[in-house]
Amino acid sequence: MSDLNTVNAAGGTDAFDALGALYEESARLPFREYLEHHSVREAVGDVTGLDALDLGCGSGLYTRRLAAWGAARVTGVDSSAGILATARAVERARPVGVRYVRADATRPAAAGVDGSTDLVLSVYVLCYARSEQELTAVLATARRALRPAGGRLVAVTLNPDYGRGAAYYAPYGFTLTQPEEREGAPVTLDALLPGGRLHVTAHWWSRKTYERAARAAGFADTSWSPLTVSPRGRRLLGDAYWSAYLRAPQALILEATVAS
Ligand SMILES: C[S@@+](CC[C@H](N)C(=O)[O-])C[C@H]1O[C@@H](n2cnc3c(N)ncnc32)[C@H](O)[C@@H]1O
């Protein structure tokens, strides 16, 4: 894959340019550390020796984790120059052998992916697609990256059935606000972190839309699974702390496979 620098002006990810340090910090939010990280680790399984792509890698949290979990070759792709600068600075300071490419995943033909990847991981990226067409295009980039038989996408995305009401996730350190109930409706996440305020707007898509987009992108099968709390998260914070979150998790894992 070459560094194609393919982001167009309408790529829509400038919003992330200044957020690298905050995304690094957000890894310590309990739901990220004890639910999401744990659940992604379980979902990806044994990655030893694999060729992995972190699509929409942001500051590289999962790009580095894929390397730490044993993947042989790991590439992080993101369209935001600013957030990639953070990812690259972390790699320079504490090298783990991953590389970063700036590319727009809504442009499958230009994204430079080549069909040799075993696993595409994509954490909180699909829900930033602003139209079903963009959603399909991002999924098509993932599909195009994967090897023709046995390649697998593991994505974390906004749960269409997340808990409504601005305060629902306040005990977990963030709020979600969605003024309208319709396909593609904006959903704003706010989190106050020690380093500043994380304020980003995603989009609400139904399961049917994700599934239709995955099929249109060439995936054979899709399945959904909930996030689960790590034993450490349970021990440290207790079941009562997690119960509201688990009744209506804010995120789900969507897996999609290429025909085997
Ligand atoms: C919410 S952040 C998540 C970052 C990282 N995956 C994590 O879990 O910390 C979403 C990231 O997806 C990237 N992104 C969104 N749409 C993209 C696209 N079409 N092409 C490439 N990157 C995209 C954004 O620039 C941003 O860095």
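Provided above is the structure to which this section pertains.
Remember, it's a predicted structure, so these values are computed and weren't measured experimentally.

## Observations concerning the site of the ligand
And step 1. Near the ligand there are 20 residues, and of these R32, G56, D78, A105 and V123 occur at the shortest range.
And step 2. Within the backbone of G56, one N or O atom sits 2.7 Å away from a nitrogen atom of the ligand.
And step 3. One of the side-chain N or O atoms of D78 is found 2.6 Å from an oxygen atom in the ligand.
And step 4. Here the ligand loses 97% of its free accessible area of 590 Å² to cover by the protein chains.
And step 5. Considered class by class, the residues forming the shell around the ligand number eleven nonpolar, six polar and three charged.

## Observations regarding the pairing of strand β7 (residues 185-193)
Remember that side chains alternate between the two faces of the sheet whenever the strand is regular.
And step 1. Most of β7 is tucked away, with seven of its nine residues classed as buried.
And step 2. Of the pairings in the sheet, the one linking strand β6 (residues 175-177) to β7 comprises three bridges and is antiparallel in character. Bridging across to β7, T175 finds its partner in D190.
And step 3. Examined bridge by bridge, β7 and strand β8 (residues 196-204) share nine bridges and lie antiparallel to one another. Note on β8: the bridge partner recorded for A191 is L198.

## A look at helix α5 (residues 132-145)
And step 1. The end-to-end C-alpha distance of α5 is 20 Å, a good match for the 20 Å that 14 residues give at a rise of 1.5 Å each.
And step 2. When we look at burial in α5, the residues that qualify are E134, L135, T136, A137, V138, L139, T141, A142 and A145.
And step 3. Buried-residue contacts for α5 involve β1 (51-55), β4 (119-123), β5 (152-158) and α6 (207-216).

## Notes on the sheet that holds β8
Working definition: the strands of a sheet are paired by backbone hydrogen bonds and lie parallel or antiparallel to each other.
And step 1. Ordered by their spatial adjacency, three strands build an open sheet running β6-β7-β8, and the pairing between neighbours is antiparallel. Either end of the sheet is taken by a strand with one partner, and the two such strands are β6 and β8. Strand-to-strand twist of the sheet, defined as the mean angle between neighbouring strand axes without regard to direction, takes the value 20°.

## A closer look at the sheet that holds strand β10 (residues 251-257)
And step 1. Taken together, seven strands build an open sheet; the order of strands is β3-β2-β1-β4-β5-β10-β9 and the sheet is mixed. The sheet terminates laterally at β3 (99-102) and β9 (221-226), the two strands that pair on one side only. In this sheet, neighbouring strand axes are inclined to one another by 20° on average, regardless of whether the strands run parallel or antiparallel.
And step 2. Here β5 runs beside β10; their pairing, made up of seven bridges, is antiparallel. Pairing of L153 across the sheet is with A256, part of β10.

Rules and cut-offs
- Residues numbered from 1 in each chain as written.
- Predicted model: local features only at pLDDT ≥ 70, side-chain atom pairs only at ≥ 80, totals over all residues.
- Heavy atoms only, no water.
- Near = heavy atom within 4 Å.
- Polar contact = N/O pair within 3.5 Å; in protein donor to acceptor, adjacent residues only side chain to side chain.
- Areas by Shrake-Rupley, 256 points an atom, 1.4 Å probe, with all protein chains shown as cover.
- Nonpolar A, V, L, I, M, F, W, Y, C, P; charged D, E, K, R; others polar.
- Buried < 20%, exposed > 50% of the residue type's maximum accessible area, 1.4 Å probe, protein only.
- Helix = DSSP H or I, 4+ residues; strand = E, 2+ residues; numbered from the N terminus.
- Pairing = 2+ DSSP bridges.
- Expected span 1.5 Å × (residues − 1).
- Contact = heavy atoms within 4.5 Å.
- Axes fitted to C-alpha atoms, helices over the stretch in contact; angles between N-to-C directions.

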